[in-house]
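Remarks on the overall topology
So you can see what is in the structure, the chains are spelled out below.
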Amino acid sequence: MQAARLHEYTDEMSEALEIEDVDRPEIDQSDGVLVEVEGAGWCQTDNHIVEGMWTEYAPQELPMTLGHENAGIVAETGEEVTLVEEGDPVICHPVQTCGICRPCRLGEDMYCENSAFNGLTTDGGFAEYLQTNERAVIPLPDGVDPTEIAPHADAGITAYHAVKKAVRELNPGDTCVVIGVGGLGHIGLQCLDATSAATIVAADIKDEALELATELGAHHTVNSADEDVPSVIADLTDDEGAQQVVDFVGRDETTALAPEIVAAGGDHHIVGYGGHVHEPSQALVNGEFAFRGTLVGKYAELQELVTLVDRGDVELRTETHDLADINTVAERLEHNEIEGRAVLTPP
């Protein structure tokens, strides 16, 4: 089968991956599931993996097939699998968990002590077939296209996971700021609109992104390239600040907004990454606010997100590309030229 493989870390996205012929995976465990990939989303994290940013956080052995946002059709199952059968459409949680360690017993999938992460620590879905396990696959409702929904396996669940944490702290009429209405942000904004009665303020540097935000449910928008975000938030909240901020950018300039825009006792959720947090400890003490990280999400949360998609509450803006064009996609995303999500389709 054909697969897009990373052989060495590089900053040159135009040469990131090589399309190669490799052996089709074979099921080697009783709970294994082999999925014929219909769609695999390219994610900003893939750019970071190519650049070698994850080497300090996750074990990687190159060459490796990337791709952690995957959906397709079940091609084969292990002898003990009962959840799905051959021919079923599924979306694949990116993490294959063991189910028996303490974090798994507590329902904390992302903390599994024996996990394998598709496209990060083990071969992923930028290929014709993906090997995963029963604990990672979610059957899709009738009418849901695996190609269209694939990016929800990471982008969607990550956005939903962050929003779900924020919503727990939001009362009707509270203010939540969404920073960045791009590939993740446009999903998170819809999740926020579907699950809370908060006043939503969207901030972005692009007018077209803010127009999309209004279309998807934002009550107010602010162009952070032209307007002073803290002043706008102060005006909208009578100087109280936003109870929750969901930052889908995660650069120095967006994390630096926290002391000025987060209300006392609120949270600044960091979803996008690449920047740093440079705030004095006294600023956190004075405002008693918190920075909270976001690492993908739980299997159950992906189930919940699929329900929102099936109900029509959340839709993805996607563009599809042939697997052979994968480096072009990587380069375009590096230059912020893709609106929504890019999905690769195998030959």
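Thresholds, definitions, all that
Residues numbered from 1 in each chain as written. Predicted model: local features only at pLDDT ≥ 70, side-chain atom pairs only at ≥ 80, totals over all residues. Heavy atoms only, no water. Helix = DSSP H or I, 4+ residues; strand = E, 2+ residues; numbered from the N terminus. Rg over C-alpha atoms; globule rule 2.2 N^0.38 Å. Buried < 20%, exposed > 50% of the residue type's maximum accessible area, 1.4 Å probe, protein only. Contact = heavy atoms within 4.5 Å. Pairing = 2+ DSSP bridges. Axes fitted to C-alpha atoms, helices over the stretch in contact; angles between N-to-C directions. Expected span 1.5 Å × (residues − 1). Phe/Tyr/Trp six-rings, centres within 6.5 Å; stacked < 30°, edge-to-face > 60°. Lys NZ or Arg CZ within 6 Å of the ring centre and 35° of its normal. Salt bridge = Lys/Arg side-chain N within 4 Å of Asp/Glu carboxyl O. Core = buried A, V, L, I, M, F, W, Y, C linked by side-chain atoms within 4.5 Å.

Once that is clear, we can look at the overall build of the protein. Scanning the protein from N- to C-terminus turns up 12 helices and 18 strands. Against the compact-globule benchmark of 20 Å for 347 residues, the protein has a radius of gyration of 20 Å, which places it among compact chains. If one aligns the C-alpha atoms of the protein with their principal axes, the spans along those axes are about 60 × 40 × 40 Å. Taking all 347 residues of the protein together, the buried fraction comes to 55%.

Attention shifts here to the side chain of Thr254. Counting through the fold element by element, Thr254 comes out in helix α8 (residues 252-255). Not counting residues up to four positions away in its chain, the partners in contact with Thr254 are Ile179, Asp247, Val249 and His268.

Strand order in the open sheet made by the 6 strands is β13-β12-β11-β14-β15-β16, with parallel pairing throughout. Edge strands, defined here as strands with exactly one partner in the open sheet, are β13 (220-223) and β16 (290-293). Strand-to-strand twist across the sheet, computed as the mean angle between neighbouring axes with direction ignored, equals 20 degrees. In the sheet, strand β14 (residues 242-247) pairs with strand β15 (residues 262-270) via 5 bridges, with the strands oriented parallel. Counterpart to Val246 in the pairing with β15 is His269.

Let us look at helix α4 (residues 155-167). Helix length check: α4, at 13 residues, gives a terminal C-alpha distance of 18 Å against a target of 18 Å (1.5 Å per residue), a fit within 8%. Burial runs high along α4: 12 of the 13 residues are buried. Taken residue by residue, α4 has Ala155, Gly156, Ile157, Thr158, Ala159, Tyr160, His161, Ala162, Val163, Lys165, Ala166 and Val167 as its buried positions.

The tally for this structure, following the rule as stated, stands at 4 aromatic pairs. Residues Trp54 and Tyr57 carry aromatic rings whose centres are separated by 5.9 Å and whose planes lie at 70 degrees to one another, so their mutual orientation is edge-to-face. Between the aromatic rings of Trp54 and Tyr273, the centroid separation amounts to 6.0 Å while the plane-to-plane angle is 90 degrees, which identifies the pairing as edge-to-face. Taken as a pair, Trp54 in the loop between α1 (44-50) and β4 (64-65) and Tyr273 in the loop between β15 and α10 (281-287) lie far apart in primary sequence, 219 residues in all. The structure contains a cluster of three or more aromatic residues connected by ring pairs, namely Trp54, Tyr57 and Tyr273. Just above the ring of Tyr129 sits the side chain of Arg24; from NZ or CZ to the centre is 4.3 Å.

What follows concerns helix α5 (residues 185-195). α5 sits mainly inside the fold: 8 of its 11 residues count as buried. The set of residues buried in α5 consists of Gly185, His186, Ile187, Gly188, Leu189, Gln190, Cys191 and Leu192. Looking at the buried positions of α5, the neighbouring elements they touch are α4, β11 (175-179), β12 (199-204), α6 (207-216), α11 (299-311) and β18 (341-345).

Attention now goes to the sheet that holds strand β1 (residues 2-6). The antiparallel open sheet is built from 3 strands, whose spatial order is β2-β1-β4. In this open sheet, the two edge strands, each paired with only one partner strand, are β2 (18-21) and β4. The sheet contact formed by β1 and β2 spans 4 bridges and is antiparallel. The residue bridging Gln2 from the neighbouring strand is Asp21, located in β2.

Counting across every chain of the model gives 11 salt bridges. Note that Glu69 and Arg341 form a salt bridge whose closest N and O atoms lie 2.8 Å from each other. Residue Glu69 is located in strand β5 (residues 69-77), and its partner Arg341 is located in strand β18; the two are separated by 272 residues in the primary sequence. Arg341 carries the same exposure label as Glu69, and that label is buried. In this structure, Lys164 and Glu304 form a salt bridge, with 3.0 Å as the shortest nitrogen-oxygen distance. Here Lys164, found in helix α4, pairs with Glu304, found in helix α11; they are 140 residues apart in sequence, far enough to count as distant. On the accessibility criterion, Lys164 (24% relative accessible area) is partly exposed. Of the residues examined, Glu304 reaches a relative accessible area of 29% and is grouped as partly exposed.

Attention now moves to the environment of Glu288. Position of Glu288 among the secondary structure elements: in the loop between α10 and β16. Sequence spacing of Glu288 and Gly274 is 14 residues, and the spatial spacing of their C-alpha atoms is 25 Å. For Glu288, the contacting residues outside a window of four places in its chain are Gly265 and Gly266.

Turning our attention to the nonpolar core. Formed by 81 residues in total, the largest nonpolar core has its most connected members in Leu17, Trp42, Ile91 and Phe126. For this core, the element with the most residues is α4, which contributes 8 residues. The residues touching Ile91, leaving out its near neighbours within four places in the chain, are Asn70, Ala71, Ala136, Val137, Ile138, Leu140, Ile149, Ala150, His152, Ala153, Leu302 and Val306. Ranked by size, the runner-up nonpolar core spans 15 residues in total, among them Val222, Val229, Ala258 and Phe289.

Among the 5 residues that make up β1, 4 are buried, leaving the element largely enclosed by the rest of the structure. Alignment of β1 against β4, held across 2 bridges, turns out to be antiparallel. Counterpart to Leu6 in the pairing with β4 is Met64.

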